[in-house]
Amino acid sequence: MLRRAIAVAWAARRRAAPNPWVGAVLVARDGQQFTGATEPPGSRHAEVVALDAAGVAGSAEGSVLYVTLEPCSHHGRTPPCTDAIVAAGVARVVVGIEDPDPRVAGQGIAALEAAGIEVVVGIEAAAVNAQLRPYLHHRRTGRPEVVLKLAASLDGRIAAPDGTSQWITSAAARRDAHQLRADAGAILVGAGTVRADDPALTVRLEGYDGPQPRRIVLGRAPRGAKVHPCEEHVGPIGPLLDRLGAEGVLQVLVEGGATVAHGLVAEGLVDRLVCYLAPAIFGGDDARGMFAGRGAATIEAIRRGQFVSAEQIGDDLRVEVVPK
């Protein structure tokens, strides 16, 4: 049932922010199952969606509720989910993980147990942690998760010596990169990339009707550039991340270029790296590399991480790494 709740939660991935995208499955005493996923901010949470569906069909009295994240116990834009669960007569609640939000942080579980409801926590916790990674990072640090996206040849080059780069990777990889854009609350690029490539930085997926991410340029974007309307930022990136976090942005996708990528890695600001590697080789040292700037001076100083996934997309390889 928790695995089903996780599957249901994906439907809310791009509509719930800055709230978490949560899934719930309620199993009534007669075996009927009712699902719910988080609605847009200000609307119902996943638990209440499932409870309402059960209420229409009969009753939630004595039911078991499976939910990916700890139910909230505070008044925000909506009343506490714990109050609705108790009022419905739910007998048992199975929770994927606790919510690190300080307004919840175990208080939802405590409220349910105080009402005599049995609570089980930690089922499919690894899968829920992976699904809610940007939300959890934001609640724990106050900053959005920073995802650095790179597209390169097999020998680590992102552009030819003359600056041309369209296209190193396949159409399938570029479509996948648009999925990353759709998941992000903001996209960040350097002004040099805007001048060189004139990107629009919009989500262009067939049938996509979700929100467009905020577009942020480090430096000044030329007049008439496709990235307009955009936000321009001059200065350190750390304060920018603090501000975006305070404004409810859960994830920032960084799309270039090599100077920006180098600066973020050097400052330890990258939380996840997604690299599309094409089966192509420039075969020399004059093509442009992924990073522009001084790297590790010794093997001991090299920056290491952990492979999260590797999969073939079209002709290319998509590799995901989390820095240590």
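Everything below is about the structure shown above.
Thresholds, definitions, all that
- Residues numbered from 1 in each chain as written.
- Predicted model: local features only at pLDDT ≥ 70, side-chain atom pairs only at ≥ 80, totals over all residues.
- Heavy atoms only, no water.
- Helix = DSSP H or I, 4+ residues; strand = E, 2+ residues; numbered from the N terminus.
- Buried < 20%, exposed > 50% of the residue type's maximum accessible area, 1.4 Å probe, protein only.
- Contact = heavy atoms within 4.5 Å.
- Areas by Shrake-Rupley, 256 points an atom, 1.4 Å probe, with all protein chains shown as cover.
- Lys, Arg positive; Asp, Glu negative; His and termini not counted.
- Charge placed at Lys NZ, Arg CZ, Asp CG, Glu CD.
- Pairing = 2+ DSSP bridges.
- Axes fitted to C-alpha atoms, helices over the stretch in contact; angles between N-to-C directions.
- Salt bridge = Lys/Arg side-chain N within 4 Å of Asp/Glu carboxyl O.
- Phe/Tyr/Trp six-rings, centres within 6.5 Å; stacked < 30°, edge-to-face > 60°.
- Lys NZ or Arg CZ within 6 Å of the ring centre and 35° of its normal.
- Polar contact = N/O pair within 3.5 Å; in protein donor to acceptor, adjacent residues only side chain to side chain.

(A) Broad picture of the overall build of the chain. Counting its regular elements, the chain contains ten helices and 15 strands. Dimensions of the chain, computed from C-alpha atoms along their principal axes, come out at roughly 70 × 45 × 35 Å. The proportion of buried residues among the 324 residues of the chain is 49%. Summarising the internal contacts of the chain: among those between residues at least 6 apart in sequence, 72% fall at separations of at least 24. With an accessible surface of roughly 15,400 Å², the chain has 52% of that area assigned to carbon and sulfur atoms. Seen as two clouds, the 34 positive and the 36 negative side-chain charges of the chain have centres 4 Å apart.

(B) Layout of the sheet that holds strand β3 (residues 64-69). Strand order in the open sheet formed by five strands is β2-β1-β3-β4-β5, and the pairing between neighbours is mixed. Sheet topology places β2 (33-37) and β5 (118-121) at the edges, where each strand pairs with a single neighbour. Here the strands of the sheet are splayed against their neighbours by 15 degrees on average, with no regard to which way each runs. Bridging between strand β4 (residues 92-97) and β5 involves four bridges; their strand directions are parallel. Within β5, the position partnered with V95 by the bridge is V121.

(C) The side chain of E320, seen in detail. Among the secondary structure elements, E320 is positioned in strand β15 (residues 316-323). The contact partners of E320, leaving out residues within four places of it in the chain, are R133, R272, L273, V274, Q306, F307, V308 and S309.

(D) Region of the structure containing the pattern of salt bridges. This model, assessed by the stated rule, comprises 20 salt bridges. Among the salt bridges present, the one from K149 reaches E255, with a minimum N-O distance of 3.6 Å. Of this pair, K149 sits in strand β6 (residues 145-153) while E255 sits in strand β11 (residues 251-256); the two residues are 106 residues apart in sequence, bridging distant segments of the chain. Note on accessibility: K149 and E255 belong to one class, buried. For E320, the salt bridge identified is with R272, shortest N-O distance 3.0 Å. Residue E320 is located in strand β15, and its partner R272 is located in strand β12 (residues 272-278); the two are separated by 48 residues in the primary sequence. Judged on exposure class, the residue E320 and its partner R272 are both buried. Ionic contacts of the salt-bridge type, sharing partners, join the residues R133, E145, D176, R272, R318 and E320 into one network.

(E) The sheet that holds strand β14 (residues 305-313), seen in detail. In space, the eight strands of this open sheet follow the order β10-β9-β8-β11-β6-β12-β15-β14, with mixed pairing throughout. If you trace the sheet from one side to the other, it starts and ends with β10 (231-233) and β14, each paired once. Looking at each pair of strands side by side, their axes are set apart by 25 degrees on average, direction ignored. In the sheet, β12 pairs with β15 via five bridges, with the strands oriented antiparallel. Each bridged residue has a counterpart across the sheet, and for C275 the counterpart in β15 is V319. Its contacts with the sheet place helix α6 (residues 133-141) against β6, β11, β12 and β15, and it is angled at close to 130 degrees to β6. Across the sheet, helix α9 (residues 237-246) lies against β6, β8 (186-190), β9 (214-218), β10 and β11, angled at about 165 degrees from β9, the strand it touches most.

(F) Representation of the packing of aromatic side chains. In total, this model carries zero aromatic pairs according to the counting rule given. Directly above the ring of W21 sits R13, whose terminal nitrogen or CZ lies 4.1 Å from the centroid.

(G) Broad picture of the environment of D162. Tracing the sequence through the fold places D162 in the loop between β7 (157-159) and α7 (171-183). On the basis of relative accessibility, which here comes to 58%, the residue D162 falls in the exposed class. Separated by 124 residues in sequence, D162 and D286 place their C-alpha atoms 9.6 Å apart. Within the structure, D162 has its side chain in polar contact with the side chain of T164 (distance 2.7 Å).

In short, shape yes, function no, at least from these values alone.
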